[in-house]
Amino acid sequence: MMISNRVLKLKSSATLAAAAKAKELEEKGIEILNLALGEPDFETPINIRKAAIASIESGRASFYTPVAGEKELIEAVISRTKEDYGLDYKLNEVVVGTGAKFILFILFQAILNEGDEVIMPSPYWVSYSEQVELCEGTPVFVEGKEDNHFKVTVEDLEKATTKKTKAFILNSPCNPTGAIYTREELEKIGKWAVKHNILLVADDIYGKLVYNGNVFTPIATLSEEIKKQTIIINGVSKSYAMTGWRMGYALGDSSIISQMIKIASQATSNLTAVTQYAAIEALTGDQQQVEEMRQVFEKRLNHVYDRVSEIPGFKIDKPQGAFYLYPDISECLVLCGYDNVTNWVNDLLEEAHVSVVTGEGFGTNKHIRLSYATDLDTLNSAIDQIVAFVDKKQNK
Ligand code: PMP
Ligand code: GLU
């Protein structure tokens, strides 16, 4: 009776639910091989931690900061974006907040009226659709074809466009598929967005996690017109191993950014001050460790991709970025006698103690997501257990 209809419709995050379930079993003393969460297993680099400690010891981290973030941090975001993208942004075109997740949430709050449509390629990251609905928008799923690395084409987008289309979410490199859009594909998408005045929400959070010579092209860099049509979403969680610090940011048109700041002023006041001082060091300090972590992910990808491809009934193209594998396991489900991927995932956890995420959270019903943001021993043992689980089910 007390709960709003809006919230009753809302699903909990499938990724965080999978992580919580694994933790629950671990607390009962069961050792779980956890490939569920998209979270680097590295600790935050030491220079960043030291900057945070210094800000506490000096007393600087004791106080509220401006809602949009400390000026020094906004400048750090601007200079990092200049260095990485070659683009210029002004101070009033940036907002910093509690993770890229919250930044996306206040963006949708700022732009969506009831019934406004937000196009998102499917499969999609679990929080996009739920956040849009929570903000009374309508998610419009455009299916990416598996033989095109799950990427959508501008022809697909034209078909999905209506008078109510307000925004398009581009997540390249993509969670969960690891696909990266090419410059040519992005040029077409950019022109489509400009033509229909559709906001491009460019979730670039995996932009530094690109492997084997693949290239990430930020859509905002394609032309001045496309830049104006784009809100860049980014954060330090993935590239700087800082998931627990919760720092995300957006860059774009000040008329949207100022509304996001207004919402934050009533919701959080500001991102935790100590995190802001840590993030300044992350964005402006030595970047070598970002590259070192990327190289480790690349090695793991190259190793696990071969092994996962060989699991009976698993089909997968090699991901280009992020840190996930998203195999089609429909043949495996048949071999194992299942007609539902989530039941298979639940039994894998209960019986083989391997935690992965069901594709259903990402909008498909024959895939699972495995994260390789964990050490090789855990990855190898998890794959061994999956193979043994499939073998057991097949021979039952
Ligand atoms: N976008 C994508 C595609 C993600 O996978 C995540 C998960 N971390 C986020 C945004 C949010 O990241 P955070 O809130 O940790 O900055
Ligand atoms: N984004 C990560 C994931 O997809 C972390 C959890 C979350 O925020 O969804 O696993």
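Summary of the structure given here.

Calculation criteria
Residues numbered from 1 in each chain as written. Chains lettered and ligands numbered in written order. Predicted model: local features only at pLDDT ≥ 70, side-chain atom pairs only at ≥ 80, totals over all residues. Heavy atoms only, no water. Phe/Tyr/Trp six-rings, centres within 6.5 Å; stacked < 30°, edge-to-face > 60°. Buried < 20%, exposed > 50% of the residue type's maximum accessible area, 1.4 Å probe, protein only. Lys NZ or Arg CZ within 6 Å of the ring centre and 35° of its normal. Axes fitted to C-alpha atoms, helices over the stretch in contact; angles between N-to-C directions. Helix = DSSP H or I, 4+ residues; strand = E, 2+ residues; numbered from the N terminus. Parallel < 35°, antiparallel > 145°, perpendicular 65-115°, else oblique. Left-handed = near helix turned anticlockwise from the far one by under 90°. Contact = heavy atoms within 4.5 Å. Nonpolar A, V, L, I, M, F, W, Y, C, P; charged D, E, K, R; others polar. Polar contact = N/O pair within 3.5 Å; in protein donor to acceptor, adjacent residues only side chain to side chain. Near = heavy atom within 4 Å. Areas by Shrake-Rupley, 256 points an atom, 1.4 Å probe, with all protein chains shown as cover.

**A few points about the packing of aromatic side chains**
The full count for this structure, using the stated rule, is 15 aromatic pairs. Between Trp-125 and Tyr-128 the ring centres are 5.4 Å apart and the planes differ by 85°, which places this aromatic pair in the edge-to-face class. Of the two residues examined, Trp-125 and Tyr-128, each falls in the buried class. The rings of Phe-42, Tyr-206, Phe-297, Phe-323 and Tyr-324 are connected pair by pair, giving a single aromatic cluster. A cation over a ring is seen here: Lys-151 above Tyr-181, with NZ or CZ 5.7 Å from the ring centre. Lying over the aromatic face of Tyr-89, Lys-227 brings its terminal NZ or CZ to 4.3 Å of the ring centre.

**Here we look at the packing of helix α4 (residues 71–85) against helix α11 (residues 273–284)**
The geometry of α4 relative to α11 is characterised by a closest axis approach of 9 Å and an angle of 25° between their N-to-C directions. For the element pair α4 / α11, the angle class is roughly parallel. Seen from above, α4 lies across α11 with left-handed handedness. Between α4 and α11, the residues in contact are Glu-72, Leu-73, Ala-76, Val-77, Ser-79 and Arg-80 and Gln-276, Ala-279, Ile-280, Leu-283 and Thr-284, respectively. In terms of residue class, the contact of α4 with α11 is built from 6 nonpolar, 3 polar and 2 charged.

**Details of the side chain of Asn-270**
Within the fold, Asn-270 resides in the loop between α10 (254–267) and α11. A polar side-chain atom of Asn-270 sits 3.1 Å from the main-chain amide nitrogen of Thr-65. Ignoring sequence-local partners within four residues, the contact set of Asn-270 consists of Tyr-64, Thr-65, Pro-66, Val-67 and Gln-276.

**A closer look at the site of ligand 2**
Neighbouring ligand 2 are Thr-15, Leu-16, Leu-37, Gly-38, Lys-101, Trp-125, Asn-175, Lys-238, Tyr-324 and Arg-369. A distance of 2.6 Å separates an oxygen atom of ligand 2 from a polar atom in the side chain of Thr-15. Arg-369 is positioned with one of its side-chain polar atoms (N or O) 2.7 Å from an oxygen atom of ligand 2. Protein coverage of the free-state accessible area of ligand 2, which is 280 Å², stands at 88%. Class assignment of the residues belonging to the shell around ligand 2 gives a composition of 4 nonpolar, 3 polar and 3 charged.

Don't take any of this as a statement about function, it's just geometry.
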